[in-house]
Amino acid sequence: MIDLTGKVALVTGGSRGLGRAIALKLAEAGADIVLNFVASRTAADQTAEHIARLGRRVAEVQADVSEPDDIAAMLDWISETFGRLDILVSNAAVGNFGSLIETRPEEFDLTMNTNVRGLLMLVQNALPLLAGSTSNSKVIALSSTGANLALPHCGLVGASKAALESAVRHLALELGDRGINFNAVQAGWVDTDTTRTAPEFESLLSAQSFRQMTGDRVLTADDIANAVLFLASPLSDLIQGQTLVVDGGAAVRV
Ligand SMILES: NC(=O)c1ccc[n+]([C@@H]2O[C@H](COP(=O)([O-])OP(=O)(O)OC[C@H]3O[C@@H](n4cnc5c(N)ncnc54)[C@H](OP(=O)(O)O)[C@@H]3O)[C@@H](O)[C@H]2O)c1
């Protein structure tokens, strides 16, 4: 039984999709939650209400993780309001599915600034809180299988996730001795608002199902949240700089 009672967790992009499932999972385990969103206030309100019904403290913070000033303001607010941060889940990202060769500079910048620089700015600003925790604090970044594989329409987001996983390893190298675990969860395809916009999403999903080695189980947001919960818990204190793949084995099957 994982007990996160007394811990404070920030989940970026916690209003919808995988972030919502992760926020609920951490709250069910006892953590108080800071729920970040950028645009969907109604979805954030609904997720926050669900967390409050679990008896946890919950706060919503609107901030764009591609904007360093927004991140700095969010972490200042967390410091003043909660005075601690034990778990940081860097989940918010943009998909930007399409042809890599046709990528415009502004699309490249937005994807990298949201998906990669966002993590770096979060860690820079959260460091005093993360390093001040009495037990190991945890940073978990959400990656995708495009980091390793060549997937149709995923060149830009895949490159951003490869950079993200490398950043996770190097943050572990630079800061791991300060009592912070840095790890990534590499999720397979799950049906969410973003993935539904991917061209040929249904065929990508069925190709994954075909290669999964886990019977008829469909990969869900809850499966991803379970992996994040483990990496947010003391059970993973000796897991450092890793990427945990959660895709039913699809990525290792030819
Ligand atoms: N779903 C999958 O199959 C899959 C697979 C592999 C990896 N992932 C990764 O999992 C994470 C979540 O994906 P998802 O599919 O759950 O997405 P989603 O359902 O579309 O939700 C995206 C979330 O990110 C937030 N967000 C987007 N841009 C933001 C920004 N600039 N600043 C702050 N928040 C922002 C959104 O906030 P608003 O609600 O306010 O718009 C929303 O909460 C991403 O890192 C994604 O790459 C997903």
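Please read these numbers as outputs of a predicted model, since none were measured by experiment. (Residues numbered from 1 in each chain as written. Predicted model: local features only at pLDDT ≥ 70, side-chain atom pairs only at ≥ 80, totals over all residues. Heavy atoms only, no water.)

Engineer: Explain the overall build of the chain to me, using residue names and the numbers behind them.
Structural biologist: When helices and strands are counted, the chain shows seven helices and seven strands. The N-to-C order of helical and strand elements in the chain reads β-α-β-α-β-α-β-α-β-α-β-α-α-β. Relative to the compact-globule value of 18 Å for 254 residues, the chain shows a C-alpha radius of gyration of 17 Å, a close match. If one aligns the C-alpha atoms of the chain with their principal axes, the spans along those axes are about 45 × 40 × 40 Å. Looking at the chain as a whole, 51% of its 254 residues qualify as buried. By sequence separation, contacts in the chain at least 24 residues apart represent 75% of the contacts at least 6 residues apart. When the accessible surface of the chain is split by element, carbon and sulfur atoms take 53% of a total near 11,600 Å². Distance between charge centroids for the chain: 5 Å, based on 19 positive and 29 negative side chains. (Helix = DSSP H or I, 4+ residues; strand = E, 2+ residues; numbered from the N terminus. Rg over C-alpha atoms; globule rule 2.2 N^0.38 Å. Buried < 20%, exposed > 50% of the residue type's maximum accessible area, 1.4 Å probe, protein only. Contact = heavy atoms within 4.5 Å. Areas by Shrake-Rupley, 256 points an atom, 1.4 Å probe, with all protein chains shown as cover. Lys, Arg positive; Asp, Glu negative; His and termini not counted. Charge placed at Lys NZ, Arg CZ, Asp CG, Glu CD.)

Engineer: Account for the side chain of Glu165, with residues named and values stated.
Structural biologist: Structurally, Glu165 can be placed in helix H5 (residues 155-175). Here Glu165 is buried and forms no salt bridge, its nearest opposite-charge partner Arg169 lying at an N-O distance of 4.6 Å. Side chain to side chain, Glu165 and Gln186 meet in a polar contact 2.9 Å long. Sequence-distant contacts of Glu165, defined by excluding residues within four places in its chain, comprise Ser143, Ser144, Ala147, Ala184, Gln186 and Thr243. (Salt bridge = Lys/Arg side-chain N within 4 Å of Asp/Glu carboxyl O. Polar contact = N/O pair within 3.5 Å; in protein donor to acceptor, adjacent residues only side chain to side chain.)

Engineer: How would you explain helix H7 (residues 221-231) if you had to name every residue and give the values?
Structural biologist: Burial runs high along H7: eight of the eleven residues are buried. Taken as a whole, H7 has its buried residues at Ala221, Asp223, Ile224, Ala225, Ala227, Val228, Leu229 and Leu231.

Engineer: An account of the pattern of salt bridges is requested, with residue identities and associated values reported.
Structural biologist: Going through the model one piece at a time under the given rule, you end up with nine salt bridges. With its nearest N and O atoms 2.9 Å apart, the salt bridge here joins Arg104 to Glu106. Judged by relative accessible area, which is 43%, Arg104 ranks as partly exposed. Judged by relative accessible area, Glu106 falls into the partly exposed class, the value being 47%.

Engineer: Please give an account of the pairing of strand S5 (residues 137-144) that cites residues and values.
Structural biologist: Within S5, eight of the eight residues are buried, which leaves the element mostly enclosed by the surrounding structure. With four bridges joining them, strand S4 (residues 87-90) and S5 adopt parallel strand pairing. Each bridged residue has a counterpart across the sheet, and for Val89 the counterpart in S5 is Ile140. Between the parallel elements S4 and S5, the chain passes through helix H4 (residues 105-131) in a crossover that is right-handed. The handedness of the S5 to strand S6 (residues 180-187) crossover, carried by H5, is right-handed. (Pairing = 2+ DSSP bridges. Right-handed = clockwise from strand over helix to strand, strands pointing away.)

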